[in-house]
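# Structure assessment
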Amino acid sequence: MLGHCDRALDTARAGTRRWSIWVPGRVELLGKHTDYAGGRSLLCALERGFCVRAAGRKDALVRVMDVAGGGRFEMSLGESTPRTGTAWEGYVATLVRRVSRDLPVVKRGVDLAFASDLPQAAGMSSSSALMIAVFIALSKSNDLRSSEEFRRMVSTHEELAAYLGAVESGEPYGRLLADVGVGTLGGAQDHTAILCSEAGQIVRYAFIPVRREAIVEFPRRHTLVIAVSGVIAEKTGSTQSDYNRVSATVRRLVDAWNRETGRHDASLAEAVGSAPDAAERLRAVTQRLADAGVTPEFARRRLDQFLCETYEFIPAATDALQRQVMGELGVIVDRSQELAEKLLGNQVPQTIALQRHARELGAVAASSFGAGFGGSVWAMVPDSLAHHFADDWGAKYRQAYPGLAARSMFFTSPPGPHALQW
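Only a predicted model underlies this, so the values are computations on that prediction, with no experimental measurement involved.

## With respect to the sheet that holds strand S8 (residues 222-228)
- Pairing is antiparallel across the open sheet formed by four strands, whose spatial order is S9-S10-S8-S11. Strands with a single pairing partner mark the edges of an open sheet, and in this sheet they are strand S9 (365-369) and strand S11 (409-413). Direction aside, neighbouring strands of the sheet carry axes that sit 25° apart on average.
- Alignment of S8 against strand S10 (residues 376-382), held across seven bridges, turns out to be antiparallel. Bridge assignment links Val-225 to a residue of S10, and that residue is Ala-379.
- Sheet strands in contact with helix H12 (residues 349-360) are S8, S9, S10 and S11, and its direction is about 165° off that of S9.

Here it is, written out as structure tokens:
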């Protein structure tokens, strides 16, 4: 893939002083819709992702080339008007515009060509990964590591993940004002997994602010099998509205809580931690919440799912992983999947079927992941059986949903490394 990227840069007559970037996709083992609420997630990176070759420029032009699709996007640093285009172009434009505004030290553009073996719109954060790749390229082109201005703003990988999450969602970051994002009201989970994961490990993070709570060895002699349902999980159109309804409910609940209590909690997790009886008081607040698209019933379900996922399932799963007790882990993950279906309401029949099929075929644990409303499912299986399991899982799914056979995909991946540059 890097060779294909180099040839694309040669064709574009880019500079010969080049560097390479690897940005992986990610799997959220647990942590469904918890990050923007200040909750927890169990995460790892995939061994699939974006290979990038980049060359610095002396002017302010940013040129990004899609090797496989043939697409090409150009934009100058300093442009303030939001750009439209394909889905990936919109993410790149959002990143370039926001970084230009936030970091005046970024004055030199970059030529960048990318190739990817990561399924798109499948819940593995392909769009966030591309944004991160462009940021890393601009950072190298402008030597941001040597910038005192940048180091004051971002000094750790966790802070960078939080910043790039704010760029994507359009949120403010520290003293930096909000801007137009990509249209989704998300958090920093994807960016944290991509920038802070460790090969062969599962990392546990909490959010707002981003902070590592634990790192656990991935179960010995096991691997992940990933099933791509073929149901597009792109955060646009009606799917974006569904996703934003789930996240907006949390924001409205926190706003109502702050109005009633006189507090200024920045997240649902902060509100929950403010007093021993805060969870019950928040449940009472949900009954008085009536807003566009949000009913008291949905707000109560959303709160209950967050509480269980953050304070029950993830600590229990961490403990089971540390003790390598696979039976307990499977039960915990099944419960998380059940609440995603019943309380979050972000599952489709295909992801539900894939999770059930995986358990029937003997997976230690299995769950959907990502924003939902389509996407993918992970299964943890003994690595000696992984390829046979993937074949059987795929055959069972394609028999149930023949119309999605061409778009579905099944592959294995142990936890991989975080984003790299060389």
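## So, helix H11 (residues 326-344)
- The terminal C-alpha atoms of H11, which comprises 19 residues, lie 26 Å apart, in line with the 27 Å expected from a rise of 1.5 Å per residue.
- Inspection of H11 places Met-326, Leu-329, Gly-330, Ile-332, Val-333, Ser-336, Gln-337, Leu-339, Ala-340, Glu-341, Leu-343 and Leu-344 among the buried residues, and these make up the whole buried set.

## Digging into helix H13 (residues 386-400)
- With 15 residues, H13 should reach 21 Å at 1.5 Å per residue; the first-to-last C-alpha distance of 21 Å fits that figure.
- Within H13 the residues assigned to the buried category are Ala-386, Phe-389, Ala-390, Trp-393, Gly-394 and Tyr-397. Angularly, the buried residues of H13 cover 130° about the axis, an arc narrow enough to put them on a single face. Of the residues in H13, the exposed ones pointing more than 90 degrees away from the buried face are His-387, His-388, Asp-391 and Gln-399.
- Taken together, the buried residues of H13 touch S8, H12, S10 and S11.

## Quick word on the side chain of Arg-283
- As for its placement among the helices and strands, Arg-283 is situated in helix H9 (residues 278-286).
- Since its relative accessible area comes to 17%, Arg-283 is described here as buried.
- With residues up to four places along the chain from it excluded, the contact list for Arg-283 reads Arg-300, Leu-303, Asp-304 and Leu-307.

## A short note on the side chain of His-357
- With respect to the helices, strands and loops of the structure, His-357 is situated in helix H12.
- Discounting chain neighbours no more than four positions away, the residues touching His-357 are Trp-393, Lys-396, Tyr-397 and Ala-400.

## Digging into the packing of H11 against H12
- With their axes 11 Å apart at the nearest point, H11 and H12 run at an angle of 165° to one another. Comparing their axes, H12 and H11 come out roughly antiparallel. Judged by the twist between their axes, the crossing of H11 over H12 is left-handed. Contacts from Gly-330, Val-331, Asp-334, Gln-337 and Glu-341 of H11 reach H12 at Ile-352, Gln-355, Arg-356 and Arg-359.
- Of the residues belonging to the contact of H11 with H12, the class tally is two nonpolar, three polar and four charged.

## A word on the pattern of salt bridges
- This model, assessed by the stated rule, comprises 31 salt bridges.
- Here Arg-53 makes a salt bridge to Asp-6, at a shortest N to O gap of 3.1 Å. Taken as a pair, Arg-53 in strand S2 (residues 40-56) and Asp-6 in helix H1 (residues 2-11) lie far apart in primary sequence, 47 residues in all. Grouping residues by exposure puts Arg-53 and Asp-6 together as buried.
- A salt bridge links Asp-102 to Arg-101; the shortest N-O distance between them is 2.7 Å.
- Accessibility expressed as a relative area gives 7% for Asp-102, which makes it buried.
- Ionic contacts of the salt-bridge type, sharing partners, join the residues Asp-6, Asp-10, Arg-18 and Arg-53 into one network.

Cut-off values and rules
Residues numbered from 1 in each chain as written. Predicted model: local features only at pLDDT ≥ 70, side-chain atom pairs only at ≥ 80, totals over all residues. Heavy atoms only, no water. Pairing = 2+ DSSP bridges. Helix = DSSP H or I, 4+ residues; strand = E, 2+ residues; numbered from the N terminus. Axes fitted to C-alpha atoms, helices over the stretch in contact; angles between N-to-C directions. Contact = heavy atoms within 4.5 Å. Expected span 1.5 Å × (residues − 1). Buried < 20%, exposed > 50% of the residue type's maximum accessible area, 1.4 Å probe, protein only. Arc of directions from axis to C-beta. Parallel < 35°, antiparallel > 145°, perpendicular 65-115°, else oblique. Left-handed = near helix turned anticlockwise from the far one by under 90°. Nonpolar A, V, L, I, M, F, W, Y, C, P; charged D, E, K, R; others polar. Salt bridge = Lys/Arg side-chain N within 4 Å of Asp/Glu carboxyl O.

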